[in-house]
Amino acid sequence: MAHTVLPPGGVESENHPWKIRLVEHPKRFESSHFRAAKKTAQAILRTMDDPDLPYGPRPVAPGAAGPDGPASWEMHHGGSLWVKGADHWRMYRARVGIEWSMQFCADPEKVDRLRQEAAVLVDAFPLTLPALAELGYERAEKLLRTPITDADGVEAWTDSLFNACVPLSHGNHQGILPKVPGEHHYPWPVKGADFVRFDDFQLWVTLPDGTHGAVTPVDRRGSGDGHVRLAFVPEGSAAADTIAEAQDRGLMAVLPANSPVALQAFARQIDPDRRTASGPLSASAAQHDHRPSARP
């Protein structure tokens, strides 16, 4: 691939002795591997019902159909291991995903280990390779069986269906708080909770200093305990040193139930006139717990 000259832009700096040159992003090279993988992933997603999708209902931008149709998924290079089960397609996450730009520092030997692990999983779902071939992704078996020994092999794997096709909405992919936290900007162990949390628990909150962080309950739903644990704060937050010290000492950084942060987190689980997040669930939140399951 030819080297790209980056045109200069502005410079940002702080009182610290650091500077970052802002440059225009070079036009991204979209390989034939990625085009084939995206086409296949879109075909798979069209066969799936919303409850079976890996990250919730398909994103729809009203009146703004993208090149792949109105369901404008963005394909994230996050380690997408697609397999065909007896009832429907499933997607598992690889041990690690290789972001597009990270391929240029990737050791072929270490990437080959990811290939081997993917092959073990796919072999456990024998319907997968024939189903992919039917969809036109006939390169799947070669990708899984060919040892990765050089940069070409790394590129092919990086842009393959088995790495490059985690389907996310734009917000969940690239978003930044206070709107939507995206996987590119927030640690996956915390961001991942967005896809398993109760809908009425506010994972991402505004901290007293105006920065945005993530909190978790300290006990199970309905316990009556409204304390919250700080799970993530950005570097530069007034709480950063506290959470770092807590982690270093094997402790939890916990905010009281009557703090503005706890009240934000539990706002949809408690009555609006409450001054503490501790206590029983509101009637509407309790009713949520008795709804029928979406799947048998």
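Up top is the structure these notes are about.
Residues numbered from 1 in each chain as written. Predicted model: local features only at pLDDT ≥ 70, side-chain atom pairs only at ≥ 80, totals over all residues. Heavy atoms only, no water.

(A) Fine view of the overall build of the protein chain. Secondary structure summary: the protein chain contains 10 helices and 10 strands in total. Within the structure as shown, the protein chain displays about 17,600 Å² of accessible surface, and the carbon and sulfur contribution to it stands at 54%. (Helix = DSSP H or I, 4+ residues; strand = E, 2+ residues; numbered from the N terminus. Areas by Shrake-Rupley, 256 points an atom, 1.4 Å probe, with all protein chains shown as cover.)

(B) Just the sheet that holds strand β10 (residues 254-255), in detail. Sheet architecture is open: 4 strands sit in the order β7-β8-β9-β10, paired in antiparallel fashion. Every interior strand has two partners, whereas the edge strands, β7 (204-206) and β10, have only one. Summarising the sheet, strand β8 (residues 212-217) and strand β9 (residues 228-232) pair through 4 bridges and their orientation is antiparallel. Opposite Thr216, over in β9, you have Arg229 as the bridge partner. (Pairing = 2+ DSSP bridges.)

(C) Local environment of the environment of Asp225. Here Asp225 shows up in the loop between β8 and β9. Classification of Asp225 by relative accessible area gives partly exposed; the value is 29%. Among all residues touching Asp225, those that are not within four sequence positions of it are Val218, Asp219, Phe266 and Ser278. A polar atom in the side chain of Asp225 sits 2.8 Å from the side chain of His227. (Buried < 20%, exposed > 50% of the residue type's maximum accessible area, 1.4 Å probe, protein only. Contact = heavy atoms within 4.5 Å. Polar contact = N/O pair within 3.5 Å; in protein donor to acceptor, adjacent residues only side chain to side chain.)

(D) Structural context of the nonpolar core. By size, the foremost hydrophobic cluster in this structure holds 41 residues, and its most contacted members are Trp82 and Trp157. Those elements giving two or more residues to this core turn out to be α1 (32-46), β4 (80-84), β5 (89-93), α2 (108-123), α3 (128-134), α4 (140-145), α5 (151-158) and β6 (166-168). Looking at which element gives the most residues to this core, the answer is α1, with 6 residues. Val205, Leu207, Leu230 and Ala253 belong to the second-largest nonpolar core, a separate cluster that totals 18 residues. (Core = buried A, V, L, I, M, F, W, Y, C linked by side-chain atoms within 4.5 Å.)

(E) Structural context of a nonpolar patch on the surface. Taken together, the side chains of Val218, Met252 and Val254 define a hydrophobic patch exposed on the protein surface, amounting to about 220 Å² of accessible area. Structurally, Met252 is set in the loop between α8 (240-248) and β10. (Patch = residues over 30% accessible without salt bridge, like charges linked within 9 Å, V, L, I, M, F, W, Y side chains within 5 Å. Salt bridge = Lys/Arg side-chain N within 4 Å of Asp/Glu carboxyl O.)

(F) The packing of aromatic side chains, seen in detail. Per the stated rule, a full pass over the model turns up 10 aromatic pairs. Measuring from ring centre to ring centre gives 4.4 Å for Tyr55 and Phe195, while their planes differ by 55 degrees; the resulting arrangement is tilted. Within this pair, whereas Tyr55 is found in the loop between α1 and β3 (74-76), its partner Phe195 is found in the loop between α7 (188-191) and β7, the two being separated by 140 residues in sequence. For Tyr55, a relative accessible area of 14% puts it in the buried group. Each ring, one from Phe201 and one from Phe266, has its centre 5.3 Å from the other, and the planes form 70 degrees; the classification is edge-to-face. Of this pair, Phe201 sits in the loop between α7 and β7 while Phe266 sits in the loop between α9 (260-265) and α10 (283-288), placing them 65 residues apart in sequence. Each member of the pair, Phe201 together with Phe266, is buried. (Phe/Tyr/Trp six-rings, centres within 6.5 Å; stacked < 30°, edge-to-face > 60°.)

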